[in-house]
Amino acid sequence: MDVIRTLLVDDHLLFAETLAARLSREPDLEILPVAEDQTRARTLLRALAPSVVLLDLVLGTASGLALLDEIEADHPDCRVVVLTGVSATDQVVEAVRRGARAWLPKAVDGDHVVRVIRGVFRGESWIPPDLLGHVLRELTAAPPAGPPDPLAALTARERDVLQCAVNGLSRPAIARQLFLSPHTVRTHTQNVLGKLAAHSMLEAVSLARRYGMRPTGS
């Protein structure tokens, strides 16, 4: 059983410690000390190498988006779940653009937080259904700067992996579908993200659909 090292970054310590106590009951979650600000978060990221970070967007007077950028740049193997009281849809879009794998309101129950942590660890994404349509529309509203067809830069196998993602398959399911190892799928996924200048597979899928890639059979 994989152990998911999970770091909570939140300046509301009562909330964070209560949630940490709930999450610590799960045998596959290792809950790291709570980081109440960006400085503490940076220290723990370097020292403890968490697999998943639960990140609030308001950290005192600082923005969690800035820390999200740092995590994406300096800790590319770490998945970020935004867990926040901020409800503005433009912030959801911006967080996804910058690499967040999931967005959760703080009012969500602990069982759902556990499911999302496990999902993003497996390479999945999660956006509340009532926000998902808006997020996808914003991400695909205009073609990004670059070549007319950015998908042309992908190899045949990278396109296969992206097509599977467009079909809604998780990373383990892609490995089974294409008869590849999980490590190979991860490598192809990273190549796809780099070539498309996408921060997450959700953004890559949105871009692929913008340029005409559709779920198989649709």
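The preceding data block contains the structure.
Residues numbered from 1 in each chain as written. Predicted model: local features only at pLDDT ≥ 70, side-chain atom pairs only at ≥ 80, totals over all residues. Heavy atoms only, no water.

Caption draft 1: Region of the structure containing the overall build of the chain. On a plain count of helices and strands, the chain comes out with 10 helices and 7 strands. The C-alpha radius of gyration computed for the chain amounts to 17 Å, which stays within 12% of the reference 17 Å derived for 218 residues, consistent with globular compactness. With the principal axes as the frame, the chain shows a C-alpha extent of 50 × 35 × 30 Å. Taken across its 218 residues, the chain has 45% of its residues classed as buried. Contacts in the chain between residues at least 24 apart in sequence constitute 69% of all its contacts with a sequence separation of at least 6. Summed over all atoms, the accessible surface of the chain reaches about 10400 Å², with 54% contributed by carbon and sulfur. Separation between the mean location of the 24 positive side-chain charges and that of the 26 negative ones in the chain comes to 6 Å. (Helix = DSSP H or I, 4+ residues; strand = E, 2+ residues; numbered from the N terminus. Rg over C-alpha atoms; globule rule 2.2 N^0.38 Å. Buried < 20%, exposed > 50% of the residue type's maximum accessible area, 1.4 Å probe, protein only. Contact = heavy atoms within 4.5 Å. Areas by Shrake-Rupley, 256 points an atom, 1.4 Å probe, with all protein chains shown as cover. Lys, Arg positive; Asp, Glu negative; His and termini not counted. Charge placed at Lys NZ, Arg CZ, Asp CG, Glu CD.)

Caption draft 2: Inspection of the environment of Gly99 at higher detail. Take Gly99: it is sitting in the loop between α4 (89–97) and β7 (102–105). Overall, Gly99 belongs to the buried group, its relative accessible area being 0%. Those residues within four positions of Gly99 in sequence are excluded, and the remaining contacts are Leu68, Glu72, His199 and Ser200.

Caption draft 3: Region of interest: the pattern of salt bridges. Inspection of the entire model under this criterion finds 14 salt bridges. Residues Arg118 and Asp28 are paired through a salt bridge, measuring 2.8 Å at the closest nitrogen-oxygen approach. Linking Arg118 in helix α5 (residues 110–121) with Asp28 in the loop between α1 (13–23) and β2 (29–31), this pair joins segments that are 90 residues apart in sequence. For Arg118, a relative accessible area of 25% puts it in the partly exposed group. (Salt bridge = Lys/Arg side-chain N within 4 Å of Asp/Glu carboxyl O.)

Caption draft 4: Structural context of unusual backbone geometry. Its identity as a non-glycine residue notwithstanding, Ala49 has a phi of 45 degrees, on the positive side. For Ala49, the location among the structural elements is in the loop between α2 (38–48) and β3 (52–55). In the Ramachandran plot, Phe179 falls in the positive-phi region, its phi being about 55 degrees despite a non-glycine side chain. The topology assignment puts Phe179 in the loop between α8 (171–178) and α9 (182–196). Using a relative accessible area of 77% as the deciding quantity, one classes Phe179 as exposed.

Caption draft 5: Region of interest: the sheet that holds β2. Strand order in the open sheet formed by 5 strands is β2-β1-β3-β6-β7, with parallel pairing between adjacent strands. In this open sheet, the two edge strands, each paired with only one partner strand, are β2 and β7. Sheet twist, expressed as the average angle between the axes of neighbouring strands with direction ignored, equals 25 degrees. Sheet strands touched by α1: β1 (4–9), β2, β3 and β6 (79–84). Its angle to β1, the strand with the most contacts, is close to 165 degrees. Across the sheet, helix α3 (residues 64–74) touches β1, β3 and β6, and the angle it forms with β3 is around 165 degrees. (Pairing = 2+ DSSP bridges. Axes fitted to C-alpha atoms, helices over the stretch in contact; angles between N-to-C directions.)

Caption draft 6: View of the nonpolar core. Counting 29 residues, the largest nonpolar core has Leu7, Val9, Val53, Leu55, Trp103 and Ile127 as its most contacted members. Contributing elements (two or more residues each) for this core: β1, α2, β3, α3, β6, α4 and α6 (129–139). (Core = buried A, V, L, I, M, F, W, Y, C linked by side-chain atoms within 4.5 Å.)

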